[in-house]
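# Observations on chain architecture
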Amino acid sequence: MRNYKKVLSWIMAVCLLLTWNISVYGEQTSEKTGQRCNVVLFVQFPEDETADFFNTHQERLTYDKGSELLTGFAAYERILNGRGERNRSSLATYIDAVSEGKLKIKNMFPQYNGIKIVPITMEHSMDYYDSYAGEASFLQETVDKAGKIISPSEKVDLDGDQIVDNVMILVHHEANFSRDSVFYPHKADSSGNITLNGKYVGPYVLINTGNLWSTVEKQGLICHEFLHTLGLPDLYRNQNSEGAINYPVDTWDVMARNSMYLQYPLSWQRKQLGWIDLPEQNKSGTYTLYTLGTEGKDYSFVIKSPMSDTEFFVVEYRKKGESISEELDAKIPGSGLIIYRVDTTKEEVGNIAGDDYLYVFRPENRDNVSEAFLSKNSGRTSFGTSDWSKGVKDNAITYSDGNNSGIVIDQVGEAADSITFRMTMPDYEELSLWNRTFAKAGTGRYDIISSKNGDVYFAAENQHGIEVKKRAGNVWTEAGGTIPNAYSPKLAAVGNDIYAVYLEGREFHTVISRFGNCLWRTDSDC
């Protein structure tokens, strides 16, 4: 009776999954190179007009080997333009560094007259604009007033697509941590009928001065929101469900956690923007990766297998920068090799909804990435297992559905100017597991599970239906023959029994079968 209830609850869950067909695809990140104009606008409300905040606020900002107290415009220019070649902790210098010089940002300050900032004052108080409709009015009024200040000869569309490259609005307002508020820092896109200097306003960033200056984010917040305008998604989770990992990436990417101590985006993100090339390796062997910026050398590569056409893995070497400096990666947990999964079906959404686009592996799947990096120095020199029955909590390198890839990274050396390690790939052909004929006439959907006694069952679509194979020891055999006219297999092991749920025929009826005596039997057969 207990097993029957388990099977029934499992069947109900799978039936819901089979009928849930919500699309998460969208426009993909595209190459972002050349030049971009960032029109920086300073805005205040009538109740703030006498405070002259933008010209009187003081901020102590660090730089290599020291810090300096800056007042008014000097502080804003510092976090947007920087202060010399070595500086990387400003928007312009950060984008130049992480893009390998392929994207240049020109910040425009139309309200700075050489002496002070002359802010735009809105017609109404802050509360008037703090709604969905209010944000549209706020943007329209801000851009209209800016249009009277900016010289018609100023170029706001440096990439030539007839759209203003970006508008960054800095609003004098106290720190706001409510995502329901218009004045919570965010990137958005205008409706398309607002123009500035003859160009349509598209992406814009709105940041309030409270969040900018009263937290540790500072230029990290500016860079994070600006990277949204280039297409990069959030890599943090907005809400945490019970038992879920709330920090799939954390400090390893500025789109997951940001502060004044900036870090690189993950290499896959940079590749998507056209800033770096990312090679692919799929053979067992010993490899060496180098520190970021080493000319002619790779610091990361992609690992793909026949198990998935939409998910793969990246290994990347990161070297921790000097503490309390303007070097990038000064606040990552340590120097070493990280391994992360990419699920391309989630690229437009990112991680914010809870289904991870990028996920950094860490020991035992704990909600802590501080031990995600591998190196001889750290004492963590291996990750992954060739035992197909193991999952992510066993330190397996897994796909998003929990299936083990079988990939093993071990013998990781010392983290210095380079790092060497061994990668072992499963012999998929010898296992007869990943027969590509499964996908010739369909989507190639599959499922894999381990039974109570350690046998592995693998089900996949082929041109005739669903084919199931069983591995006992190192031997693979057919399990019950092909299930005809069947689609979307899901497997489950309950006690000693193996169950399959799938869709059948043109009407896509849900069918439940149990494997026994080398046959698949439905409830009516048993």
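See the structure printed just above.
Think of each chain on its own: its residues are numbered from 1, step by step along the sequence as written. In view of the model being predicted, local features appear only for residues whose pLDDT reaches at least 70, and side-chain atom pairs are presented and counted only at 80 or more, with totals across whole chains, interfaces and linings using the full set of residues. The basis for the side-chain values is all heavy atoms of the structure; hydrogens and waters are excluded.

## Let's talk about the overall build of the protein chain
In this description a helix means any DSSP run of H or I spanning at least four residues, a strand means any run of E spanning at least two, and both kinds are numbered starting from the N terminus. Counting secondary structure elements, the protein chain contains ten helices and 27 strands. Here the protein chain holds 526 residues, and the buried ones make up 52% of them. Long-range contacts, defined here as pairs at least 24 residues apart, represent 59% of the contacts in the protein chain between residues at least 6 apart. Of the roughly 24300 Å² of accessible surface on the protein chain, a fraction of 46% belongs to carbon and sulfur atoms. Accessible area is worked out with a 1.4 Å probe on protein chains only. A residue is then buried under 20% of its type maximum, exposed over 50%, and partly exposed in between. A contact between two residues is defined here by any heavy atoms of the two lying within 4.5 Å. What sets the accessible areas is the Shrake-Rupley method with a 1.4 Å probe; for residues, cover comes only from the shown protein chains.

## Examining the pairing of strand β26 (residues 509–516)
Strand pairing follows a simple DSSP-based rule, namely that at least 2 bridges must link the two strands. One ladder, built from seven bridges, connects strand β25 (residues 497–504) with β26; its direction is antiparallel. Within β26, the residue paired with Ala 500 across the bridge is Ser 513. Hairpin connection of β25 to β26: four residues between the antiparallel strands, including Gly 505 at a positive phi of 70°. In this sheet, strand β27 (residues 519–522) lies alongside β26 in antiparallel orientation, the contact comprising four bridges. The partner of Phe 515 across the bridge, within β27, is Trp 520.

## Things to note about the sheet that holds strand β17 (residues 408–410)
Pairing in this open sheet of three strands is antiparallel, and the strands run β12-β18-β17 from one edge to the other. In this open sheet, the two edge strands, each paired with only one partner strand, are β12 (285–290) and β17. Across the sheet, the mean angle separating the axes of adjacent strands is 35° when strand polarity is ignored. Two strands pair when backbone bridges link them, and β17 and strand β18 (residues 418–424) are joined in this way by three bridges, in the antiparallel orientation. Of the residues in β18, the one forming a bridge with Val 408 is Thr 424. Between the N-to-C directions of two axes lies an angle of 0 to 180 degrees, each axis being a line fitted to C-alpha atoms and, for a helix, fitted only over the stretch in contact.

## Description of the sheet that holds strand β24 (residues 486–494)
Sheet strands pair by backbone hydrogen bonding; their relative direction is either parallel or antiparallel. With antiparallel pairing, four strands are arranged side by side in an open sheet as β24-β25-β26-β27. Both edges of this open sheet fall to β24 and β27, since each of them pairs with a single strand only. Adjacent strand axes in the sheet meet at a mean angle of 30°, parallel and antiparallel pairs treated alike. Relative to β25, β24 runs antiparallel, the two sharing seven bridges. Its bridge partner lying in β25, Ala 486 is registered against Glu 504.

## A word on the pattern of salt bridges
Just to be clear on terms, a salt bridge is a Lys or Arg side-chain nitrogen sitting within 4 Å of an Asp or Glu carboxyl oxygen. Considering all chains together, one arrives at 19 salt bridges under this definition. Residues Arg 36 and Asp 159 are paired through a salt bridge, measuring 3.6 Å at the closest nitrogen-oxygen approach. Residue Arg 36 is found in strand β1 (residues 34–44), and its partner Asp 159 is found in the loop between α6 (132–147) and β6 (163–164); the two are separated by 123 residues along the sequence. The class for Asp 159 is partly exposed, based on a relative accessible area of 31%. We note a salt bridge from Glu 141 to Lys 145, for which the minimum N-O separation is 3.3 Å.

## Comments concerning α6
The span you would expect from a helix comes to 1.5 Å times its residue count less one. With 16 residues, α6 extends 23 Å between its outermost C-alpha atoms, agreeing within 8% with the 22 Å of an ideal straight helix rising 1.5 Å per residue. Residues Gly 134, Glu 135, Phe 138, Leu 139, Glu 141, Thr 142, Val 143 and Ala 146 constitute the buried set of α6.

## Overview of the environment of Ser 335
Within the secondary structure layout, Ser 335 lies in the loop between β14 (311–318) and β15 (336–343). Sequence separation between Ser 335 and Arg 318 is 17 residues; the distance between their C-alpha atoms is 5.6 Å. Among residues more than four places away in sequence, those in contact with Ser 335 are Arg 318, Lys 319, Lys 320, Phe 373, Ser 375 and Ala 415. The term polar contact refers here to a pair of N or O atoms within 3.5 Å; inside protein, the definition further demands a hydrogen-donor-capable atom paired with an acceptor-capable atom, and it admits residues adjacent in sequence only when both atoms are side-chain atoms. At 2.8 Å, the side chain of Ser 335 and the backbone nitrogen of Lys 320 are in polar contact.

Nothing here speaks to function; it is geometry throughout.
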